[in-house]
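Examination of the molecular architecture
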Amino acid sequence: SLIDELSGLYNRRGFITSVQEQLMLAEGKNIRLYFVFIDIDDLKKINDSWGHKKGDEAISSLAEIIKASLRKSDIKGRLGGDEFGILVQRAQKSGVNTLISRLHKNLKEFNSKKEFCFELSISIGIAEYDSKKPCSIDELMIRADKLMYRDKERRGIE
């Protein structure tokens, strides 16, 4: 199976397979892709304080927010645990920023409904893929992961 049953998004294997295919198609062409790495903040604290069922609800809720915020052409996956990946295709950097703004707006709207006894928050890292200087999916993920951790540090999240 290539679909994660909790989130309804690609699982890690399905996501990586789809992204590698897009990277190969883009190689050598003047195409920029963006890998977005998303991590749910403090999921362990949610699980420890309110139970794993609430943690699962946080994961599935974020997956729905991601689906509602992004385009159908963007490749979306749950990479494991509280980590999600998105490959944004056919977009300029400003377009990626618009998608991320929409994601934050939808997350804020979700939190305003007070469905949980906690606020759902995320950290994000965005790495650009330059098809004229190709790199592996692993390199792209590592760069985005480092930027995501910088986002956490900047906001004082462990």
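Going by the structure above, here's the rest.
A few points on the structure. (Residues numbered from 1 in each chain as written. Predicted model: local features only at pLDDT ≥ 70, side-chain atom pairs only at ≥ 80, totals over all residues. Heavy atoms only, no water.)

Structural notes on the overall build of the chain
- Secondary structure summary: the chain contains 5 helices and 4 strands in total.
- Ordered by position in the sequence, the α and β elements of the chain form the string α-β-α-α-β-β-α-β-α.
- Against the globule reference of 15 Å for 158 residues, the chain gives a C-alpha radius of gyration of 15 Å, in line with a compact fold.
- In terms of overall dimensions, the chain has a C-alpha envelope of 50 × 35 × 25 Å along the principal axes.
- In the chain, buried positions account for 49% of the 158 residues.
- Restricting to contacts in the chain with at least 6 residues of sequence separation, those with at least 24 account for 68%. (Helix = DSSP H or I, 4+ residues; strand = E, 2+ residues; numbered from the N terminus. Rg over C-alpha atoms; globule rule 2.2 N^0.38 Å. Buried < 20%, exposed > 50% of the residue type's maximum accessible area, 1.4 Å probe, protein only. Contact = heavy atoms within 4.5 Å.)

A few points about helix H1 (residues 12–26)
- With 15 residues, H1 should cover 21 Å at 1.5 Å per step; its first-to-last C-alpha distance of 21 Å lies within 8% of that length.
- Along H1, the positions that sit buried rather than exposed are Gly14, Phe15, Ile16, Ser18, Val19, Gln22, Leu23 and Ala26.
- Looking at the buried positions of H1, the neighbouring elements they touch are strand E1 (32–40), strand E2 (75–80), strand E3 (83–88), strand E4 (122–130) and helix H5 (137–154).
- One side-chain oxygen at the N-terminal end of H1 lies 3.2 Å from the backbone nitrogen of Arg13; it belongs to Asn11.
- Positive phi appears at Gly28, one or two residues downstream of H1, with a value of about 85°. (Expected span 1.5 Å × (residues − 1). Polar contact = N/O pair within 3.5 Å; in protein donor to acceptor, adjacent residues only side chain to side chain.)

Points about unusual backbone geometry
- The phi dihedral of Asp42 is positive, around 55°, even though this residue is not glycine.
- The residue Asp42 is located in the loop between E1 and helix H2 (43–50) in this model.
- Of note, Lys114 is a non-glycine position whose phi angle comes to about 55°, a positive value.
- Inspection of the secondary structure assignment puts Lys114 in the loop between helix H4 (93–112) and E4.
- Of the residues examined, Lys114 reaches a relative accessible area of 61% and is grouped as exposed.

Here we look at the sheet that holds E2
- Taken in spatial order, the 4 strands of this open sheet run E2-E3-E1-E4, and their pairing is antiparallel. Two strands in the sheet have a free side with no partner beyond their single neighbour: E2 and E4. Ignoring which end each strand starts from, the neighbouring axes of this sheet average 20° apart.
- Where E1 and E3 come together, 6 bridges link them in antiparallel fashion. (Pairing = 2+ DSSP bridges. Axes fitted to C-alpha atoms, helices over the stretch in contact; angles between N-to-C directions.)

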